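Residues per chain, in single letters:
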Amino acid sequence: GDVYKRQILFSSDSLADNLPNQIVWNQDVAEMALIPAGSFEMGDHFSEGEENELPVHRVNLDGFYIDTHEVTVDQFKQFVNQSGYDYQGDWGQVALYSPGHDYPINYVNWNDATAYAEWSGKRLPTEAEWEYAARGSLERKRYPWGDETDNAKAHYDNWNDGNGTTKLVGSFEANGYGLYDMAGNAWEWCQDWYGENYYSSSPASDRTGPETGSMRVLRGGSWAHVTPDGLRAAYRFNSLPSIRHPLIGFRCVSDLSLIHISEPT
């Protein structure tokens, strides 16, 4: 039938009540899941990680949508083709480590990821949004699925002297919010500047991280991790925004205020 568009215009408190748990984003045909507004304890509850994961602190967040999967090779190529973006990376390198359309794009720097997000009408997640989503509504757990190491839950320890690859997005079980590969497969760029000691002074309603910096935040671990340490939901990594690497990809989010729902009549 015909499709009509209606813009959701509610207060932020009631917004999530009127939105579906999952949507398909029009521009890049990405599946997205609704992450409800709420608060969570951000950081390392086990005091086993780096000092930059402490202190554990409560963060309040508005609701948002996030891609259920990491952005794929196919989606990124569609962006480059449609936008004319001057991608300076190496498609041969991409294919070496993501050998198919529905594997996560890799070899993208922060600027590439941000350009894709802007083209699609979305943005990169903040570090707090990323950790909140990765935890999948579980409180005080080590990984997106619980506390125990489980190589059937995430793609890691597969460097194989440089001969390993990523896996098809969604190859492992989703977390409690219906999100795939929030641990392993590819590191994911976040919007924030990286602040080593930011947790000591970050506000409770934290949206954007430090105002300045030289590094950007990476989250989630990768397919090449030898140990599961980097898969922990609290684990913080960072890189120069200009760096492209076969272990790094990304996913996008959207604020609820930007959502237009299309429905059959």
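All residue numbers here refer to positions counted from 1 along the written sequence of the relevant chain. Under the rules for a predicted model, residues below a pLDDT of 70 receive no local features and side-chain atom pairs below 80 are neither given nor counted, while totals for whole chains, interfaces and linings still include all residues. Remark: hydrogens and water are excluded; side-chain values derive from all non-hydrogen atoms of the structure.

**Structural notes on the confidence of the model for the protein chain**
In low-pLDDT segments, the atomic positions of the prediction should not be examined closely. On average, residues of the protein chain score 92 in pLDDT, and 92% of them reach the 70 mark or higher. Here residues 1–13 is a poorly scored stretch, pLDDT under 50, and it has 25 contacts once near neighbours within four places are set aside; other chains count. Values of pLDDT, ranging from 0 to 100, describe the predictor's confidence in every residue of the model. Only heavy atoms matter for contacts: two residues are in contact if any of them lie within 4.5 Å across the pair.

**Here's the deal with the environment of Leu247**
Secondary structure follows DSSP: runs of H or I at least 4 residues long count as helices, runs of E at least 2 residues long count as strands, and numbering of each begins at the N terminus. In this fold, Leu247 is placed in the loop between strand 9 (237–239) and strand 10 (248–249). Categorising residues by exposure relies on relative accessible area from a 1.4 Å probe, with only protein chains included: less than 20% of the type maximum marks a residue as buried, more than 50% marks it as exposed, and the intermediate range marks it as partly exposed. You can call Leu247 buried: its relative accessible area is 15%. With 61 residues separating them along the chain, Leu247 and Ala186 place their C-alpha atoms 5.3 Å apart. With residues near it in sequence (within four places) discarded, Leu247 still touches Trp159, Ala186, Trp187, Ser222, Trp223 and Ala224.

**Topic: unusual backbone geometry**
Of note, the amide linkage connecting Leu54 to Pro55 takes the cis form, showing an omega dihedral of -5°. Residue position: Pro55 is located in the loop between strand 4 (38–42) and strand 5 (57–61). Positive phi is not limited to glycine here, since Val29 has a value of about 55°. By the element assignment, Val29 lies in the loop between strand 2 (22–24) and strand 3 (31–35). Of the residues examined, Val29 reaches a relative accessible area of 55% and is grouped as exposed. Positioned with a positive phi, Ser137 is a non-glycine residue whose angle comes to about 80°. Inspection of the secondary structure assignment puts Ser137 in the loop between helix 5 (127–134) and strand 7 (187–193).

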